[in-house]
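Coordinates in review
Spelled out from the first residue to the last, the chains are:
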Amino acid sequence: MKSGSNLEKILRAGHFAFTGELGPPRGADIDAVRKKAKFLVGSVDMVNITDNQTAMVRMSSWAASLIAIEEGLEPNYQMVCRDRNRLAMQGDILGASALGVRNILCLSGDHMQFGDHPYAKGVFDIDSIQLIYMVKKMRDEGKFLGGADIDTPPKLFIGGAANPFADPFEWRVYRLAKKIKAGADFIQTQCVYNMKKMREWIKQANDMGLTEKVYILAGVTPMKSLGMARYMKLKVPGMEVPDDVIKRLQGVEKKKQADEGIKMACEQIEEFKEMKGLAGVHLMAIEWEHKVPEIAERADMLPRPEV
Amino acid sequence: MIVAERKPFEEIKALVKDFNRVLTVGCGTCVAVCLAGGEKEVGILNTELTIARKVDGNPIELGGVTVERQCDMEFLDELDGMIDQYDALISLACGAGIQFLAERFPDKPVLPGVNTTFIGANRDVGWYEEKCRACGNCCLGLTGGICPVTMCAKSLFNGPCGGTNHESCEISPDQPCAWHMIYERLSKQNRLDSIIEIFPPNDWLNTTPRTIVQPAYKERKAAR
């Protein structure tokens, strides 16, 4: 065991993992985190705690991670390269590990321009692959990036993201390989809608032997409405929403679109369970945490294994 | 070259509001080429200021001169006889030139008339693009001659990130994705091997003021 996290135990035991997401509030309300967390307890193996997502200021990821732990949820501490340099990152990594955080997701971060402080200085001292490498060096070699010894190294299961849908498609599997080489233990993908491309990407990863070296969790975000699907298609960079997804939602009346969205997500999850090279599903029910138990139930993911 | 943009007129006007005799000093090198601070721009700014101050009932006496390079002390010598008759100087040079002018004439307020914007190249007349951040650690040999520090909005060394939008950067459809371009160029050259290796964390050499003394001139510097 590298970290002893619940996710690591579940994956090593060969179970199909099911992880969720919790966006911290834009305020100091601890109950806002507790309330979201309560919906997720028992339905997922681990929950990603986002880090100033879409470059909007929110309660810090490590703080919300600690609240999640208090609520009985295992956090996946997201850390973006946009907001801190290597000193701050390493300090936060030690602090998070000391307080019981056992998973970390290493991300570049959305550009500042998308958020509410568009002229903030983007730090980007290191990039996401270098961050993965840094956490691995801290954990496995017991050394800081600068080379000095760490008296008590952090214990973290190291995650990275992958977007099989962004261009250039042919390079994406090599980027995955770089993340694995840097030290990623698990990968969570961008929300999948284009199943054809997903199958192709996973096949490439299988053929290159990558899926034997890393646990890949496919990203699923149920569409709440036709409007959301259109927004995701047109406005979210790197997101690919095929026309048949839009058409299917168009085919049902408005108040049944959310239900149809969940049905579509469950169909995807069914296919992912059978897909060679996948180790789980990462459910990003954006501002829809209260629906997670229902989705988990309908996707036949309950009860979650005890390991 | 260094590319600059003239400051908004109202900002320059506010900077000189307390002065009645001002010398505008242009620079004949980079900022002249990029149409921000050469002889012509000195004339235009002085005309605008003269009219505006006359309209305000607070006339200003302006002089104009353009030196070859403000970032070279020897070209500043020619200003020696002129400075005394002015209360302040406006420099239309880049930040290096402005600071050298201020150092050369420390008794006079030196005010910037341009915003120094980037190290860039001339795409077409009046059209300049940033190309270099002077990070001090050039990796262009590995990245197909395309700078990820400058051209990638996140300065990623192991891109492309997941925000690549077709062939564009997530920040704008008009901004090509640097790592997409790097991939395409290296792919055509059969050199993808150079980016399959992980770039280690960069040593940022631009976090303190830098000085370079060429080896042949070290003794000369020591003697000063």
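Sequence order as written defines residue numbering, which begins from 1 separately in each chain. Chains and ligands are labelled by the order in which they are written, letters from A for the one and numbers from 1 for the other. Under the rules for a predicted model, residues below a pLDDT of 70 receive no local features and side-chain atom pairs below 80 are neither given nor counted, while totals for whole chains, interfaces and linings still include all residues. Hydrogen atoms and water are omitted, and side-chain values are computed over all heavy atoms in the structure.

Comment: elements are numbered from the N terminus, with helices defined as DSSP H or I runs of at least four residues and strands as E runs of at least two. Within chain B one finds nine helices and nine strands. On the principal axes, the C-alpha backbone points of chain B span a range of 65 × 50 × 25 Å. Throughout this description, buried means an accessible area under 20% of the type-specific maximum (1.4 Å probe, protein chains only), exposed means over 50%, and partly exposed covers the range between. When the 224 residues of chain B are sorted by exposure, 40% land in the buried category. Within chain B, counting contacts between residues at least 6 apart in sequence, those at least 24 apart form 60% of the total. Every accessible area reported is derived by Shrake-Rupley at a probe size of 1.4 Å, with residue values counting cover from the shown protein chains alone. Accessible surface for chain B amounts to roughly 12200 Å². Of this, 52% is attributable to carbon and sulfur atoms. For the purpose of counting charges, residues Lys and Arg are taken to be positive, whereas Asp and Glu are taken to be negative. His and the chain ends are not included. Charged groups are reduced to one reference atom each: NZ for lysine, CZ for arginine, CG for aspartic acid, CD for glutamic acid. Of the side-chain charges in chain B, 23 are positive and 30 negative, and the distance between the mean point of each set is 1 Å. Every residue pair with non-hydrogen atoms within 4.5 Å of one another is taken to be in contact.

On to the nonpolar core. Where a protein is soluble and globular, its nonpolar side chains tend to be buried together. Here the nonpolar core consists of buried residues drawn from Ala, Val, Leu, Ile, Met, Phe, Trp, Tyr and Cys, with membership extended through side-chain atoms lying within 4.5 Å. Among the nonpolar cores identified, the biggest contains 75 residues, and Ile93, Ile104, Leu131, Met198, Trp201 and Phe272 of chain A are the most heavily contacted of them. Once you skip the residues sitting within four places of it in the chain, Leu131 of chain A turns out to touch Met79, Cys81, Met89, Ile93, Cys106, Leu107 and Ile126 of chain A. Grouped together as the second largest cluster of nonpolar side chains are 24 residues, Val3, Cys27, Val42 and Leu92 of chain B included.

Now for the side chain of Asn46 of chain B. Mapped onto the secondary structure, Asn46 of chain B falls in helix 3 (residues 39-55). N or O atoms closer than or at 3.5 Å make up a polar contact, with two conditions inside protein: a donor-capable atom paired with an acceptor-capable one, and, for residues adjacent in sequence, both atoms drawn from side chains. For Asn46 of chain B, the side chain forms a polar contact with the main-chain oxygen of Gly63 of chain B, separated by 3.1 Å.

How big an interface is tends to be stated in terms of accessible area lost as the parts join. Contacts between the two partners involve 28 residues from chain B, matched on the other side by 29 residues from chain A. The largest share of the area that chain B buries against chain A comes from Tyr183, Ile198 and Pro201 of chain B, three residues that together contribute 22% of it. Counted as salt bridges are all cases of a side-chain nitrogen of Lys or Arg within 4 Å of a carboxyl oxygen of Asp or Glu. Taken together, chain B and chain A are joined by one salt bridge. Taken together, the connections running from chain B to chain A amount to 20 residue pairs in polar contact (both at pLDDT 80 or more). Listing elements by their share of the side of chain B that touches chain A, those giving two or more residues are helix 7 (178-188) and helix 8 (193-196) of chain B. Only Asp, Glu, Lys and Arg are considered charged, only Ala, Val, Leu, Ile, Met, Phe, Trp, Tyr, Cys and Pro nonpolar, and every remaining residue, Gly among them, polar. Along the lines of polarity and charge, the residues of the side of chain B that touches chain A split into 15 nonpolar, nine polar and four charged. Two parts lose some accessible area (1.4 Å probe) when they are put together, and adding that loss for both gives the buried area.

The pairing test for Phe, Tyr and Trp rings, Trp by its six-membered ring, is centres within 6.5 Å, and the orientation test on the planes gives stacked under 30 degrees, edge-to-face over 60, and tilted for anything in between. Per the counting criterion, the structure on display carries five aromatic pairs over all chains. A ring pair is formed by Trp171 of chain A and Tyr183 of chain B, whose centres lie 5.5 Å apart and whose planes are at 50°; its orientation type is tilted. Note that Trp171 of chain A is positioned in helix 6 (residues 169-182) and Tyr183 of chain B in helix 7, a pairing that runs across two chains. Taken as a pair, Trp171 of chain A and Tyr183 of chain B share a single burial class, namely buried. Centre to centre, the rings of Phe157 of chain B and Phe199 of chain B are 6.0 Å apart; their planes meet at 45°, and the pair counts as tilted. Pair noted here: Phe157 of chain B is in the loop between helix 6 (148-151) and strand 8 (168-169) and Phe199 of chain B is in the loop between helix 8 and helix 9 (218-222), with a separation of 42 residues, a long-range link. For Phe157 of chain B, a relative accessible area of 4% gives the class buried. Joined through ring pairs, the aromatic side chains of Trp171 and Tyr174 of chain A together with Tyr183 of chain B make up one cluster.

The next thing to look at is the packing of helix 5 (residues 128-141) of chain A against helix 6 of chain A. Residue and element names in this part refer to chain A. Orientation is described by lines fitted to C-alpha atoms, with helices fitted over the stretch in contact, and by angles between N-to-C directions that extend from 0 to 180 degrees. As a packed pair, helix 5 and helix 6 sit with axes 8 Å apart at the nearest point and diverge in direction by 20°. By the angle between their directions, the pair helix 5 and helix 6 is classed as roughly parallel. In this structure, helix 5 crosses over helix 6, and the sense of that crossing is right-handed. Residues Ser128, Ile129, Ile132, Tyr133 and Lys136 of helix 5 touch helix 6, and the partners they reach there are Arg175, Lys178, Lys179 and Ala182. Its residues assigned to classes, the contact of helix 5 with helix 6 comprises four nonpolar, one polar and four charged. Should an angle fall under 35 degrees it is called roughly parallel, over 145 degrees roughly antiparallel, and 65 to 115 degrees roughly perpendicular, with every other angle called oblique. Each crossing gets its hand from how the near helix is turned against the far one by less than a right angle, where anticlockwise is left-handed and clockwise is right-handed.

This brings us to the sheet that holds strand 6 (residues 186-191) of chain A. Either a parallel or an antiparallel arrangement is found when strands of a sheet pair, and the pairing is made through backbone hydrogen bonds. Residue and element names in this part refer to chain A. The criterion for strand pairing is that DSSP finds at least two bridges linking the strands in question. A barrel is described by the order of its strands in space; here eight strands give the closed sequence 1-2-3-4-5-6-7-8, paired in parallel fashion. Taken pair by pair, the neighbouring strands of this sheet meet at an average axis angle of 30°, ignoring direction. The pairing of strand 7 (residues 215-220) with strand 8 (residues 280-283) spans four bridges and is parallel. Note that in strand 8 the partner of Val220 across the bridge is Leu283.

What follows covers the sheet that holds strand 1 (residues 2-6) of chain B. Residue and element names in this part refer to chain B. In spatial order, the strands read 1-6-7; together these three strands make up an open sheet with antiparallel pairing. The strands lining the two open edges of the sheet, one partner per strand, are strand 1 and strand 7 (127-132). Neighbour-to-neighbour, the strand axes of the sheet open up by a mean angle of 70°, direction not taken into account. Summarising the sheet, strand 6 (residues 114-124) and strand 7 pair through five bridges and their orientation is antiparallel. What sits directly across from Asn122, in strand 7, is Tyr128.

The next subject is the domain arrangement of chain B. Examined at the domain level, chain B breaks down into domain 1 (2-118) and domain 2 (135-196). Taking only C-alpha atoms into account, the centre of domain 1 of chain B sits 38 Å from that of domain 2 of chain B. Domain start and end points were adopted from an automatic or database domain assignment.

Moving on: the packing of helix 2 (residues 30-40) of chain A against helix 3 (residues 61-70) of chain A. Each pair of packed helices can be described by the angle between their axes along with the distance between the axes. Residues and elements named next belong to chain A. Packing of helix 2 against helix 3 brings their axes to within 9 Å, and their N-to-C directions diverge by 50°. As far as their axial angle goes, helix 3 and helix 2 are oblique. For the element pair helix 2 and helix 3, the recorded crossing hand is right-handed. Together, Ile30, Val33 and Arg34 of helix 2 and Ala64, Ile67 and Glu70 of helix 3 make up the contact between the two elements. Within the contact of helix 2 with helix 3, the residues separate by chemical class into four nonpolar, no polar and two charged.

Quick look at the pattern of salt bridges now. Scanning the model with the defined rule gives 42 salt bridges over all chains in all. Between Arg6 of chain B and Glu48 of chain B there is a salt bridge, with the nearest N and O atoms lying 2.7 Å from each other. Of the two residues, Arg6 of chain B is situated in strand 1 and Glu48 of chain B in helix 3; the sequence distance between them amounts to 42 residues. On the basis of relative accessible area, Arg6 of chain B is assigned to the partly exposed category, the value being 26%. Connected through shared salt-bridge partners, Lys2, Lys136, Arg139, Asp140 and Asp185 of chain A make up one network.

Moving on: the state of the cysteines. As used in these notes, a disulfide is a covalent bond between sulfur atoms, one from each of two cysteines. Residues and elements named next belong to chain B. What counts as a disulfide here is a pair of cysteine sulfur atoms lying within 2.5 Å. Per the stated rule, a full pass over the model turns up zero disulfides over all chains. With no disulfide partner, Cys27 has as its closest neighbouring cysteine sulfur the one in Cys71, 6.0 Å distant. Of all cysteine sulfurs, the one in Cys147 lies closest to Cys139, which takes part in no disulfide; the gap is 5.7 Å.

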